[in-house]
Structures are given as C-alpha cells and as structure tokens.
Amino acid sequence: MDVAAILRRRFEQNKRAQLVISSFDAIGGSIENRERALRSAAAIEMLQSFLLIADDIMDNSNTRRGKKCWYRQEGIGLSAINDAFLLQSAAENEMRESFRGHANESRAVSAFQSTIRMTIVGQMLDTATACNVEHFNWQRSTNENESFRYSQLVEHKTSHYTFILPLTLGILAGGKEIPLEKVTQVAIKLGYLFQSQDDWLDVYGNSATTGKIGSDIKDKKCTWLSCKAIEIVNEMNDGKMMERLKLIIKSAFTIGDEEEVARIYQQLQLNQRFKSFQDEYSGKLIKETEFIPQIGLSSLFKDIITQTKDRQK
C-alpha cells in the first residue's frame, strides 16, 4: 500500500493527518523519517474513522459528510460495530509499524493508546452529561460530588485526538528534543475552540456545507450554546425572570424541544455571543503561541488558529 500517495491525494480534507506532517515539517524533520510521519498520519485517519462510526451509532445519527452514516448503509446495520473494531485494530498496528525501530517508538505508541483511552472517556462524558441541565456548566468541578463539566468533556472528546496526538506524533517522528508541555497546553485550548465551533455549526451551520444534520438539541447535549444559555439565565438580576426561564429551559432541554430551545437561543442572542467569544478566544490563543519555544511550531499554531476561526464545516 502506497500510504504516501494516498495521503497526498486526501490531505485537503484529512486535517488531522495533515497536522502530523505540518508539525513534522515545522521542526525540520529529516527526510529519512518522513515515511514514519506519513504512516502515523494514516493511522490517525483510521482512528478517526473508527471513532466516527462509533459516535454515529451512539448518537443515532443519519448523515456524515453528506452521506448516510456507515451503519445506515444497506446491508451494514450494527455489523458496523465490528467494522469500527477492525479499524481500531488496523490503526494501532499501523501506528506500531510506523515507529518501529525509532528512538521515540515507545513514546509514540503510548501517546496513541492514551489518546484512544481519553477519547473513549470523552464519549462517555458526552453521553453522561446529556439530558441533564444540571451538567451544563463550563469548568471542571473541584467538588467530586458535582457533575461533569463542559471543559472536561471537550478536553477528552476533542482536544486529544484532534490536536494533541497529531502534533505529538509529528514532533516525535522528527526525532528532535522538543518540549511538549506548552504545545499540549495550547492544543487543549485549540480543541476547546474547535469543539465550541462544532457546537455552533450543529445549530447554525448549513447542513449542505457541514455534511451533517444537526441533532445536539434533540439529543439534549451539553454544548457551548447550552452552557452559555444556562450561564446567562443564572446571572440575571430579575429573580422572577431567572426562575421562569430556568423552568422553560429545563423543560425544553429535557424533552429535546428543538423549536423552543432555538427560540430561547435567539432570545439570548447566542449566535452573536458566540461570534464575539470566538474572536476574543482566538485572539488570546494567538498570543499564547508566542510562548511556544520552537519558532516553526509557534508559526504553525498561528496558522491553525487562523484557519480554524470562522470555519463553516
């Protein structure tokens, strides 16, 4: 299998794979290790396919990238679960082979396995927080008796496999001693921006562009929009108005009333509030990239943030 040729044809749409190569190039990875980076990028694409198949089944989704979900294809059904397992196995094997004999072999394989575990935990948090308005909060709780929080969900579900893993594999394949701590910190926040955009696109995006019919409201998901709605209501000065809206929101989210929730979002001007948040958050994130010690990686992060901001799919 000519992995390099396949990836070159599909890089435009396979952003996670592209990020492996971009980070590899940013640190000046050697030509003899480029094939390793390409193969680990292929492994990430297989991992992505495994996760999306499983996610679509769990969310009972209908479409993905403008087509019927794999499990909804004729003759597939729940055998798609086994297909997902096959992809996971193939991804792990390709990952091991791509770094075999490399000085960073154990670190790369460990990062890959850790990402799978983190993302599965994130998927669990995604389903555990659904249907319960009490879970719709921003921050990771310091009280072990309190509910899961949005930032924790996003870090596990999105940041690790979308940004941390691709960047880590590209850097490790390059074979240079680059500190990963600051890279990871910024990547976590980049994942937060990316997931909040996904949440916005689910409600306000054009399905013809995104290739997916939004279902977060119907599925009663904990999203940037639902958390923001709860935050605004909780900060209202009018006690009676606050309690009335709380009851309306709780009732609407509990039954997944899409029309009522959309009306509440419009009343609270969440579309405009998100755009303001996106501008402010992106600006702060770009400033943080200046503290990444490697100039090539700092420039790469700035490019990613610029490309991610205002995305429509």
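Small disclaimer: the values here were computed from a predicted structure and weren't measured.

A. Region of interest: the nonpolar core. Counting 53 residues, the largest nonpolar core has F163, L167, L190, Y265, L297 and F301 as the members making the most contacts within it. Among the elements of the structure, α2 (15–26), α6 (150–174), α7 (181–204), α9 (224–234), α10 (239–255), α11 (258–267), α12 (270–288) and α13 (295–308) are those that each provide at least two residues to this core. With nine residues, the top contributor of residues to this core is α7. Those residues in contact with L167, other than ones at most four positions away along the chain, are L19, S23, V183, A187, L300 and F301. Counting 31 residues, the second-largest nonpolar core is a separate cluster that includes F24, L38, I116 and L169.

B. Seen up close, the pattern of salt bridges. Using the criterion set out here, one finds 17 salt bridges in the structure. The partner of D55 in a salt bridge is R64, and the shortest N-O contact between them spans 3.4 Å. For the pair D55 and R64, a shared accessibility class is recorded, and that class is buried. For the salt bridge of E260 with R263, the shortest nitrogen-to-oxygen distance reads 2.6 Å. Note that E260 and R263 are positioned in helix α11 at a spacing of three residues, about one turn of the helix. Among the charged side chains, a salt-bridge network with shared partners connects D59, D126, K157 and K221.

C. Focus on the side chain of T168. Tracing the chain through its elements places T168 in helix α6. Within the structure, the side chain of T168 is placed 2.7 Å from the backbone oxygen of I164, a separation counted as a polar contact.

D. Geometry of the packing of aromatic side chains. Inspection of every chain in the model, using the stated rule, returns ten aromatic pairs. Measuring from ring centre to ring centre gives 5.6 Å for F163 and F194, while their planes differ by 80 degrees; the resulting arrangement is edge-to-face. Here the residue F163 occupies a position in helix α6, and F194 occupies one in helix α7, the gap between them amounting to 31 residues. F194 matches F163 in its accessibility class, with the two residues each being buried. Centroid distance W200 to F274: 5.7 Å. Interplanar angle 10 degrees. Geometry classified as stacked.

E. Structural view of helix α3 (residues 34–59). The end-to-end C-alpha distance of α3, which contains 26 residues, comes to 37 Å, matching closely the 38 Å that a straight helix rising 1.5 Å per residue would cover. Backbone geometry just downstream of α3 places N60 in the positive-phi region, at approximately 55 degrees.

F. Examining α11 more closely. Of the residues making up α11, those classed as buried are V261, I264 and Y265. Summarising the axial view, the buried residues of α11 lie within an arc of 100 degrees, below the 170-degree limit, and thus occupy one face. The exposed set on the far side of α11, more than 90 degrees from its buried face, consists of E259 and Q266. A positive phi of about 55 degrees marks Q269, the residue just after α11.

G. Examining the state of the cysteines more closely. What the rule picks out here adds up to zero disulfides. For C222, which is in no disulfide, the shortest distance to another cysteine sulfur is to C227 and amounts to 3.7 Å.

H. Quick look at the packing of α2 against α13. One way to put it is that α2 packs onto α13 with a least axis distance of 8 Å and a crossing angle of 145 degrees. Remark: the crossing between α2 and α13 carries right-handed chirality. Residue-level contacts link L19, S22, S23 and A26 of α2 to G296, L297, L300 and I304 of α13.

I. Geometry of the environment of S22. By the secondary structure assignment, S22 is in helix α2. As for S22 and G211, which are separated by 189 residues in sequence, their C-alpha atoms are 26 Å apart.

J. Summary view of the confidence of the model for the protein chain. Chain-level statistics for the protein chain give a pLDDT mean of 87 and a share of 91% at 70 or above. Put simply, helix α1 (residues 3–10) is where the protein chain has its lowest mean pLDDT, 46, and helix α4 (residues 80–98) is where it has its highest, 96. Contacts for the low-pLDDT stretch residues 143–147, under 50 throughout, to residues beyond four places or in other chains number four contacts.

K. Here's a closer look at the environment of I213. Looking at the secondary structure, you find I213 in the loop between α8 (207–210) and α9. I213 sits 83 residues away from G296 along the chain, and the two C-alpha atoms are 38 Å apart.

L. Examining unusual backbone geometry more closely. In the Ramachandran plot, N60 falls in the positive-phi region, its phi being about 55 degrees despite a non-glycine side chain. Locating N60 in the fold gives a position in the loop between α3 and β1 (63–64). With phi around 60 degrees, K220 is a residue other than glycine that occupies positive phi space. Mapped onto the fold, K220 is located in the loop between α8 and α9.

Parameters and conventions
- Residues numbered from 1 in each chain as written.
- Predicted model: local features only at pLDDT ≥ 70, side-chain atom pairs only at ≥ 80, totals over all residues.
- Heavy atoms only, no water.
- Core = buried A, V, L, I, M, F, W, Y, C linked by side-chain atoms within 4.5 Å.
- Buried < 20%, exposed > 50% of the residue type's maximum accessible area, 1.4 Å probe, protein only.
- Helix = DSSP H or I, 4+ residues; strand = E, 2+ residues; numbered from the N terminus.
- Contact = heavy atoms within 4.5 Å.
- Salt bridge = Lys/Arg side-chain N within 4 Å of Asp/Glu carboxyl O.
- Polar contact = N/O pair within 3.5 Å; in protein donor to acceptor, adjacent residues only side chain to side chain.
- Phe/Tyr/Trp six-rings, centres within 6.5 Å; stacked < 30°, edge-to-face > 60°.
- Expected span 1.5 Å × (residues − 1).
- Arc of directions from axis to C-beta.
- Disulfide = S-S within 2.5 Å.
- Axes fitted to C-alpha atoms, helices over the stretch in contact; angles between N-to-C directions.
- Left-handed = near helix turned anticlockwise from the far one by under 90°.
- pLDDT = per-residue confidence, 0-100.

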